[in-house]
Amino acid sequence: MPQAMQTLATSTVSPQTKERIKVLIVDDSALVRRLLTEMLSSDPAITVLGTAHDAYDAREKIKALNPDVLTLDVEMPRMDGLTFLRNLMRLRPMPVIMVSSLTERGAEVTLDALSVGAVDYLSKPKIDLAATLADYRDELIAKVKAAASARVRAPSAAGAASADAVLAKRAPQRQLRTTERIIAIGASTGGTEAIKDVLIHLPPDTPGIVITQHIPKLFSGAFARRMNACCQLSVCEAEDGQQVLRGHAYIAPGDKHLLLVRDGARYVCRLDEGPPVNRHKPSVDVMFRSVAQQAGRNAIGVILTGMGKDGAMGLKEMRDAGSRTLAQDEATSIVWGMPGEAVAVGGAAEVMPLGDIYIRVLALADEMDITRSPGAGLG
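Residues numbered from 1 in each chain as written. Predicted model: local features only at pLDDT ≥ 70, side-chain atom pairs only at ≥ 80, totals over all residues. Heavy atoms only, no water.

Draft legend 1. Focus on the overall build of the chain. Scanning the chain for helices and strands turns up 11 helices and 14 strands. Pairs at least 24 apart in sequence give 74% of the contacts found in the chain among residues at least 6 apart. (Helix = DSSP H or I, 4+ residues; strand = E, 2+ residues; numbered from the N terminus. Contact = heavy atoms within 4.5 Å.)

Rendered as structure tokens:
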């Protein structure tokens, strides 16, 4: 065992699991294959059936070993991971976690993989930084366990054409004050596609939206650009001090918390360098709490598919402050962790399928417009 691996803590997972999760590791690097094998094998609930060095080797071992979860390298010789994933999801859909390098190319390909049907993603382990391997191991194991129970979606039959091909993006009317309504959306595992499913249906006069998706720094910018290309809304990675405008959506950078703050009669984005919350930075709980405190009854909170519990208590704080709150239902969630926790703690006033969320959001925004007294200010 490598010296770095000797620092990994022993597993705290109970060995009482009836059946182990069977994993196949696909990576062209022998060192990465060995590291991932050692990390996963340290948990009594997981067994590594074997490894494969390329897509062709993986294809044969999937047939022979019938794994529950696949970890898949993005960049491999002979056939890249994305091409292999497309074939796999067409012929034998199964939970796949993409393992990619934290580069611009890696980010773009990984987002492609999530749109094709991958459940989750993880960066390549930093084998030269022994101190980070324990945290990496915990994250890897958690993602594999979540993937094992995830609902694998078939790739969408819809094309990847931009909404611009049907309807040109319009510049929103810039008024002296911003919209009084705020929509806050939080998500994690499966969230990049779930967020897209909501945003793509929203018209250009939708109230301003703040979004926290658990995502690495380099990925958040690429994700924002993708959403901007396919939506009628103007979507961007949030900047500190940026005014929240109607028809715009602001995505938290992958290394900072996104907060909503009030600046006079305006709402603005505030980026915070504070520590991770619920092991996440950005954290959905942090954003939801700021919305509860700053917007209260003028806000709509939405929690989508995701592993863990981040955002559950924040959504409850929003509801307690008078916000309307929605959670994605279990049947349409890739992982019903975050929304399930929100329901359990009483944070979600309504639970519904993903396809109904944008309809309900727009209906709630209209109700808030109707019930709001003329000339009322922010409050």
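Draft legend 2. A look at the nonpolar core. Core analysis: the biggest nonpolar cluster contains 61 residues, and Ile 185, Leu 199 and Leu 304 have the highest contact counts within it. Once residues within four sequence positions are removed from consideration, Leu 304 is found in contact with Ile 185, Gly 186, Ala 187, Ala 194, Ile 195, Val 198, Gln 328, Met 338, Pro 339, Leu 354 and Ile 357. Counting 28 residues, the second largest nonpolar core, distinct from the first, contains Val 210, Leu 271, Val 291 and Leu 315. (Core = buried A, V, L, I, M, F, W, Y, C linked by side-chain atoms within 4.5 Å. Buried < 20%, exposed > 50% of the residue type's maximum accessible area, 1.4 Å probe, protein only.)

Draft legend 3. Molecular detail of the packing of aromatic side chains. Throughout the structure, instances matching the rule amount to 1 aromatic pair. Just above the ring of Tyr 121 sits the side chain of Lys 143; from NZ or CZ to the centre is 5.6 Å. (Phe/Tyr/Trp six-rings, centres within 6.5 Å; stacked < 30°, edge-to-face > 60°. Lys NZ or Arg CZ within 6 Å of the ring centre and 35° of its normal.)

Draft legend 4. Structural detail: the sheet that holds strand E8 (residues 234-237). Read from one edge of the open sheet, 7 strands run E8-E9-E7-E6-E12-E13-E14, paired in parallel fashion. Strand pairing shows two members of the sheet lacking a second neighbour, E8 and strand E14 (350-352), which therefore form its edges. Taking the axes of each pair of neighbouring strands and ignoring which way they run, one obtains an average angle of 20 degrees across the sheet. In this sheet, strand E7 (residues 208-213) lies alongside strand E6 (residues 182-187) in parallel orientation, the contact comprising 6 bridges. Counterpart to Gly 186 in the pairing with E7 is Thr 212. Of the strands in this sheet, E7, E8 and strand E9 (248-251) are in contact with helix H7 (residues 217-230), which crosses E8 at around 170 degrees. With respect to the sheet, helix H9 (residues 312-320) is in contact with strand E12 (299-303) and strand E13 (324-328), its orientation differing from that of E12 by roughly 155 degrees. (Pairing = 2+ DSSP bridges. Axes fitted to C-alpha atoms, helices over the stretch in contact; angles between N-to-C directions.)

Draft legend 5. Broad picture of the environment of Thr 47. Relative to the elements of secondary structure, Thr 47 occurs in strand E2 (residues 46-52). Sequence separation of Thr 47 and Leu 24 is 23 residues, and the distance between their C-alpha atoms is 9.0 Å. Here Thr 47 is in contact with Arg 20, Ile 21, Lys 22 and Val 23, once residues within four sequence places are set aside.

Draft legend 6. The arrangement of the packing of helix H8 (residues 284-294) against H9 in detail. Two elements in contact, H8 and H9, have axes whose closest approach is 7 Å; the angle formed by their N-to-C orientations is 10 degrees. Relative to H9, H8 is oriented roughly parallel. Residues Asp 285, Phe 288, Arg 289, Val 291 and Ala 292 of H8 form the contact with H9, whose own contacting residues are Ala 312, Met 313, Gly 314, Leu 315, Glu 317 and Met 318. Residues of the contact of H8 with H9, tallied by class, amount to 7 nonpolar, 1 polar and 3 charged. (Parallel < 35°, antiparallel > 145°, perpendicular 65-115°, else oblique. Nonpolar A, V, L, I, M, F, W, Y, C, P; charged D, E, K, R; others polar.)

Draft legend 7. Molecular detail of helix H3 (residues 81-91). Those residues of H3 lying buried are Gly 81, Leu 82, Phe 84, Leu 85, Leu 88 and Met 89. Mapping the buried residues of H3 onto a view down its axis gives an arc of 155 degrees, with all of them on the same face. In this structure, H3 carries Arg 90 and Leu 91 as exposed residues pointing more than 90 degrees from its buried face. Buried residues in H3 make contact with helix H2 (55-65), strand E3 (69-73), strand E4 (96-100) and helix H4 (104-116). Regarding H3, its N-cap is Asp 80, as a side-chain oxygen of that residue lies 3.0 Å from the backbone nitrogen of Leu 82 further along. (Arc of directions from axis to C-beta. Polar contact = N/O pair within 3.5 Å; in protein donor to acceptor, adjacent residues only side chain to side chain.)

Draft legend 8. Fine view of the packing of H4 against H7. Two elements in contact, H4 and H7, have axes separated by 9 Å at closest approach and are oriented at 55 degrees. As summarised for this structure, H4 and H7 are arranged oblique, according to the angle between their axes. Every pair of crossing elements has a handedness; the one defined by H4 and H7 is right-handed. Listed contacts from H7 to Glu 104, Gly 106, Ala 107, Glu 108, Thr 110, Leu 111 and Asp 112 of H4 are Leu 218, Phe 219, Ala 222, Phe 223, Arg 225 and Arg 226. When its residues are assigned to classes, the contact of H4 with H7 shows 6 nonpolar, 2 polar and 5 charged. (Left-handed = near helix turned anticlockwise from the far one by under 90°.)

Draft legend 9. View of the pattern of salt bridges. Scanning the entire structure with this criterion turns up 21 salt bridges. Across the pair Arg 78 and Asp 54 runs a salt bridge, and its minimum N-O distance is 2.8 Å. Taken together, the residues span a long stretch of sequence, with Arg 78 in the loop between E3 and H3 and Asp 54 in the loop between E2 and H2 at a distance of 24 residues. According to the relative accessible area criterion, Arg 78 is exposed, its value standing at 63%. Where Asp 263 meets Arg 266, a salt bridge forms, and the shortest distance between an N and an O atom there is 2.7 Å. The network of salt bridges with shared partners includes Glu 108, Asp 112, Arg 225 and Arg 226. (Salt bridge = Lys/Arg side-chain N within 4 Å of Asp/Glu carboxyl O.)

Draft legend 10. Layout of the state of the cysteines. Counted by the stated rule, this structure contains 0 disulfides. Among the cysteines around Cys 269, which has no disulfide bond, Cys 236 carries the closest sulfur, lying 7.2 Å off. In this structure Cys 269 comes out as buried when scored by relative accessible area, which is 0%. (Disulfide = S-S within 2.5 Å.)

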